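The chain contents come next:
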Amino acid sequence: MQTINGAQMIIEGLVRHGATTVFGYPGGAVLPIYDALYQNSDRIDHIITAHEQGAAHAADGYARVTGKTGVVIATSGPGATNLVTGIANAYLDSVPLLAITGNAPVPLLGKDAFQEVDIVGITQPIVKHNFVVRDVTELESTIAEAFIIANTGRKGPVLIDVPKNVQESEVELKGITATKPEVVPISVLSEIVQALKSAKRPFIYAGGGVVASDAGEELRELSEKLSAPVGFSLMGMTALSTDNPLALGMCGMHGKYAATVAKSECDVLLALGVRFSDRATGNISVYEKDKTIIHVDIDVSEHGKNVKPNISVKGDIKAVLAKLLPQLSDIKPSNSDWLARVDELKLGNARQEGDFTPQIAIETVGEFMADDTVIATDVGQHQMWTMQYYPFKMSRTFLTSGGLGTMGYGMGAAIGGCVANQKKRTVLFTGDGSFGMNLNELATAVSQNLPLVIVILNNGVLGMVRQWQKRFYGERFSQTTLGRKTDFVKLAEAFGANGFRVTNVDELKSVLAKLPKSPVVIDCRIDMDEEVLPMIPPGKAVDDMIITKFNASAGGDS
Amino acid sequence: MEFTVELLVANRYGALNRITSIYARRGYNIDELEAVVADKTNSDIYRITVRSKGDEYAKIQVMRQLEKLYDVKEVKLT
Ligand SMILES: Cc1ncc(C[n+]2csc(CCOP(=O)(O)OP(=O)(O)O)c2C)c(N)n1
Ligand SMILES: [Mg+2]
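Residues numbered from 1 in each chain as written. Chains lettered and ligands numbered in written order. Predicted model: local features only at pLDDT ≥ 70, side-chain atom pairs only at ≥ 80, totals over all residues. Heavy atoms only, no water.

Peer 1: Got a sec to walk through the state of the cysteines? Specific residues and values, please.
Peer 2: Such a bond, covalent and formed between the sulfur atoms of two cysteines, is termed a disulfide. All names here are of chain A. Counted according to the given criterion, the structure contains zero disulfides over all chains. As a non-bridged cysteine, cysteine 251 has cysteine 266 as the owner of its nearest cysteine sulfur, 9.3 Å distant. Look at cysteine 266 and you get buried, because its relative accessible area is 1%. (Disulfide = S-S within 2.5 Å. Buried < 20%, exposed > 50% of the residue type's maximum accessible area, 1.4 Å probe, protein only.)

Peer 1: Requested: an account of helix H16 (residues 336–346) of chain A, with residues and values cited.
Peer 2: All names here are of chain A. Along H16, the positions that sit buried rather than exposed are Trp338, Val342 and Leu345. Angular distribution of buried residues about the axis of H16 spans 55°; they occupy a single face of the element. Among the exposed residues of H16, those pointing more than 90 degrees away from its buried face are Ser336 and Asp337. On its buried face, H16 is in contact with strand E9 (202–206), strand E11 (247–250) and helix H12 (257–265). (Helix = DSSP H or I, 4+ residues; strand = E, 2+ residues; numbered from the N terminus. Arc of directions from axis to C-beta. Contact = heavy atoms within 4.5 Å.)

Peer 1: So what's going on with the coordination of the magnesium ion (ligand 2)? Residues and values would help.
Peer 2: All names here are of chain A. Surrounding the magnesium ion (ligand 2) are the protein donor atoms Asp432 (OD), Asn459 (OD1) and Val461 (O), at 2.1 to 2.2 Å. Counting the intervening residues between successive donors of the magnesium ion (ligand 2) yields the motif D-x26-N-x1-V. Note that aspartate 432 is positioned in helix H20 (residues 432–438) and asparagine 459 in the loop between strand E18 (452–458) and helix H22 (463–472), a separation of 27 residues in sequence. Under the relative-accessibility criterion, aspartate 432 is labelled buried at 6%. (Donors = N, O, S within 2.8 Å, 3.2 Å for Na, K, Ca; no water.)

Peer 1: Can you tell me about the interface of chain A and chain B, naming the residues and giving the values?
Peer 2: Listed by partner, the interface residues are 15 residues for chain A and twelve residues for chain B. Regarding the contact of chain A and chain B, the summed buried area is about 1,300 Å², with carbon and sulfur atoms giving 45% of it. Here Asp299(A) ties to Lys68(B) by a salt bridge, and the two come within 2.6 Å at their closest N and O atoms. The tally of links between chain A and chain B comes to eleven residue pairs in polar contact (both at pLDDT 80 or more). (Buried area = accessible area lost by both parts, 1.4 Å probe. Salt bridge = Lys/Arg side-chain N within 4 Å of Asp/Glu carboxyl O. Polar contact = N/O pair within 3.5 Å; in protein donor to acceptor, adjacent residues only side chain to side chain.)

Peer 1: With reference to specific residues and values, describe the site of ligand 1.
Peer 2: All names here are of chain A. Around ligand 1, a shell composed of 17 residues is seen, among which Gln381, Gly405, Gly433, Ser434 and Gly463 lie nearest. The side chain of histidine 382 places a nitrogen or oxygen atom 3.0 Å from an oxygen atom of ligand 1. Aspartate 432 is positioned such that a nitrogen or oxygen atom in its side chain is 3.0 Å from an oxygen atom of ligand 1. At four residues, the largest contribution of residues to the shell around ligand 1 is made by H20. (Near = heavy atom within 4 Å.)

Peer 1: An account of the layout of surface pockets is requested, with residue identities and associated values reported.
Peer 2: Size it by volume and the second largest pocket reaches roughly 710 Å³. Along the walls of the second largest pocket sit 31 residues, with Phe131(A), Val132(A), Arg134(A), Tyr13(B) and Arg18(B) positioned nearest its centre. Contributing elements (two or more residues each) for the lining of the second largest pocket: helix H6 (119–123), strand E6 (129–132) and helix H7 (139–151) of chain A together with helix H1 (15–25) of chain B. The element best represented in the lining of the second largest pocket is E6(A), accounting for four residues. Across the lining of the second largest pocket, the residue classes break down as nine nonpolar, eleven polar and eleven charged. (1 Å grid on protein atoms, 1.4 Å probe; cavity = no way out; pocket = protein on both sides within 12 Å on 5 of 7 lines; lining within 4 Å. Points joined across faces, edges and corners; volume = space filled by probe spheres on them. Nonpolar A, V, L, I, M, F, W, Y, C, P; charged D, E, K, R; others polar.)

Peer 1: Describe in detail the nonpolar core, supporting the description with residues and values.
Peer 2: Residue and element names in this part refer to chain A. If you look at the biggest cluster of nonpolar residues, it comprises 68 residues, and the most contacted ones within it are Leu219, Leu222 and Leu272. Those residues in contact with leucine 222 that lie beyond four places of it in its chain are Ile204, Leu270, Leu272, Leu321, Leu324, Leu325 and Leu328. With 49 residues, the next largest nonpolar core counts Ala55, Tyr62, Met411 and Leu450 among its residues. (Core = buried A, V, L, I, M, F, W, Y, C linked by side-chain atoms within 4.5 Å.)

Peer 1: Kindly report on the side chain of Lys263(A), identifying the contributing residues and their values.
Peer 2: Residues and elements named next belong to chain A. Along the chain, lysine 263 falls in helix H12. Despite being buried, lysine 263 has no salt bridge partner; glutamate 288 is the closest side chain of opposite charge, sitting 12 Å away. Polar side-chain contacts of lysine 263 include one of 2.7 Å to the side chain of tyrosine 287. Non-local contacts of lysine 263, meaning those with residues more than four positions away in its chain, are made with Phe203, Tyr205, Cys251, Leu269, Ala280, Tyr287 and Lys291. (Lys, Arg positive; Asp, Glu negative; His and termini not counted.)

Peer 1: Before we move on, could you go through the sheet that holds strand E14 (residues 311–314) of chain A and cite the residues and values that matter?
Peer 2: Residue and element names in this part refer to chain A. Within the open sheet, the six strands sit side by side as E11-E10-E9-E12-E13-E14. Their pairing is parallel. Pairing within the sheet leaves two strands with one partner each, and these edge strands are E11 and E14. Strand-to-strand twist across the sheet, computed as the mean angle between neighbouring axes with direction ignored, equals 15°. Packed onto the sheet, helix H11 (residues 216–226) meets E9, strand E10 (230–232) and strand E12 (268–272) and runs at close to 165° relative to E9. (Pairing = 2+ DSSP bridges. Axes fitted to C-alpha atoms, helices over the stretch in contact; angles between N-to-C directions.)

Peer 1: Tell me about empty space enclosed by the protein, and name the residues and values.
Peer 2: Residue and element names in this part refer to chain A. Under the defined criterion, the tally for this structure stands at one cavity of 30 Å³ or more. The calculated volume of the largest cavity comes to roughly 50 Å³. Lining the largest cavity are Lys256, Tyr257, Asn349, Ala350, Gln388, Tyr389, Leu533 and Pro534. When its residues are assigned to classes, the lining of the largest cavity shows five nonpolar, two polar and one charged.

Peer 1: Pulling in residues and values, what's your account of the packing of aromatic side chains?
Peer 2: All names here are of chain A. What the rule picks out here adds up to nine aromatic pairs over all chains. When the ring of phenylalanine 23 is compared with that of tyrosine 62, the centres are 5.9 Å apart and the planes differ by 65°; the resulting orientation is edge-to-face. Here phenylalanine 23, found in strand E2 (residues 21–24), pairs with tyrosine 62, found in helix H3 (residues 52–66); they are 39 residues apart in sequence, far enough to count as distant. Across the pair, exposure class does not vary: phenylalanine 23 and tyrosine 62 are buried alike. Each ring, one from tryptophan 468 and one from phenylalanine 472, has its centre 5.7 Å from the other, and the planes form 85°; the classification is edge-to-face. Highlighted residues: tryptophan 468 and phenylalanine 472, both in helix H22, separated by four residues, approximately one helical turn. (Phe/Tyr/Trp six-rings, centres within 6.5 Å; stacked < 30°, edge-to-face > 60°.)

Peer 1: Pulling in residues and values, what's your account of the pattern of salt bridges?
Peer 2: Evaluation of the coordinates by the stated rule reveals 34 salt bridges over all chains. For Asp299(A), the salt bridge is made with Arg154(A), and the minimal N-O distance between the two is 3.0 Å. Highlighted residues: Asp299(A) in the loop between strand E13 (292–297) and E14 and Arg154(A) in the loop between H7 and strand E7 (157–163), separated in sequence by 145 residues. The partner of Glu32(B) in a salt bridge is Arg51(B), with the nearest N and O atoms 2.8 Å apart. Taken together, the residues span a long stretch of sequence, with Glu32(B) in strand E2 (residues 30–39) and Arg51(B) in strand E3 (residues 42–53) at a distance of 19 residues.

Rendered as structure tokens:
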């Protein structure tokens, strides 16, 4: 058996579990790990970001694209606390992430040593599990366990805190791998088959669980077999191609009109890998009315947490659908009335009016991209418009912060997603506000020479918050008009990237037609009064949906 | 309605903290808590008993969240 130190053990563990690229930032408490990375640079790549938060989001984006566990490394104290938003983001969107932090040496723990924080305590409510490794002999098995926890069942982040002296201690490499937990057999499928066979207006609601289990193909088959329209949660958006006629787009607060209304009118709702967030359901009692709800999710604690299902099944979506599909082989759906109704609803999907609307900008970018182009967003109106209008074709191509709604997610995610997708061209749709929270990562995009296209839908305001102020706070625009003078073209150039300003669709097209293979910032000037529509006000139901643009002089909706 | 949950828990750093924080975060007060070695010959596993108040929904939610904890080996309603 080979004797190595703890830091080298970390590298061995990462390599054995398939990590080929990790993200992070060095510091005093992880010097041994960075030394081991240096010595193993032929086996594992490390990308240094501008800020640990960017590294955490990069690992998250990498994980969403590949399905593998993303890895981020940070030093103790401020390095570790800078990861917190990134870890919470991965937790709320069920993204497999492994965070490794250094800490003060074991004898100094608990003595408020330099850069000591209780990162295990701090992150405890936002991880699936976390560990402090005080004894180097436990390091190898802990890493193996961490990979299993992060990437089985409902996926999520795991943190391992490794005090510096543990990284320096000698230990034997044993070749430990952890065993995956047993998969419980799937039951009550016959009830589902019964419900689906008697459905007159079936509707499938597909979430992140479909994408996480790579069950897009099974979902397509199921929807065709049942002639059932499909709506998505934000996390489920890429489960089907947007050009599939049964794919209606996202349901919920800012969902597509047809998707949200069809979901409310269905008689059997088959929910696959969703958690029924408040943004997706609105008023629960209205939501549950007059329908049979079937909830399939691998996390039993989601069954009945927000919505009471009539039938619930625990299981991985791909495994459940593989069992379900053969049992539906003789089904002959007779729901042409329902499909006609859905087609009618599609006419209600609004287009934005104007010459250079966010919709036109997003659709135009889509025309220039490949089917497998990874699209990242930040958080705000631009995010919802991207969800509504970008022509997504393939699974795992949409990186967006759903549960936490993290402004500042986008640059890191786009970098991680680009690296994960063989450094192919990658797009970030961001807002002027959000970009201000993570534009430091332009430095990373430039140093890595990544072909990122950063489209700032620049409305000069914190548009999403402003929209709420307009609708619900009497147009008192408190702190949402930024009044900044940032020149994004010069900013891009200062970072060593290219920058362009566009004010109409022709200018945008000419920039897109000759994109370099390096980072580009496109400052896209749009109207600050454009709204995300439709909109269901918080806590309200589908009948309260706002469809038309706010008109101040008319005192409300036009 | 009162309900008591009995847990078998690995004796690790912070395990008790993880359990109590499930109650706190989901908004249920702990009325009584007891932690003892499950088996006198083996201090690796603790038996933790928690008495709390809540309706049927609370009871099921708490149980299912507790079941997800890595350090928790068994959850029983008593
Ligand atoms: C870190 C963080 N802080 C605050 C918010 C609240 N918030 C949600 S959207 C938004 C405005 C975003 O502005 P911008 O990035 O310009 O996007 P726009 O809505 O204008 O497209 C704000 C402040 C948030 N989601 N995340
Ligand atoms: Mg803005």
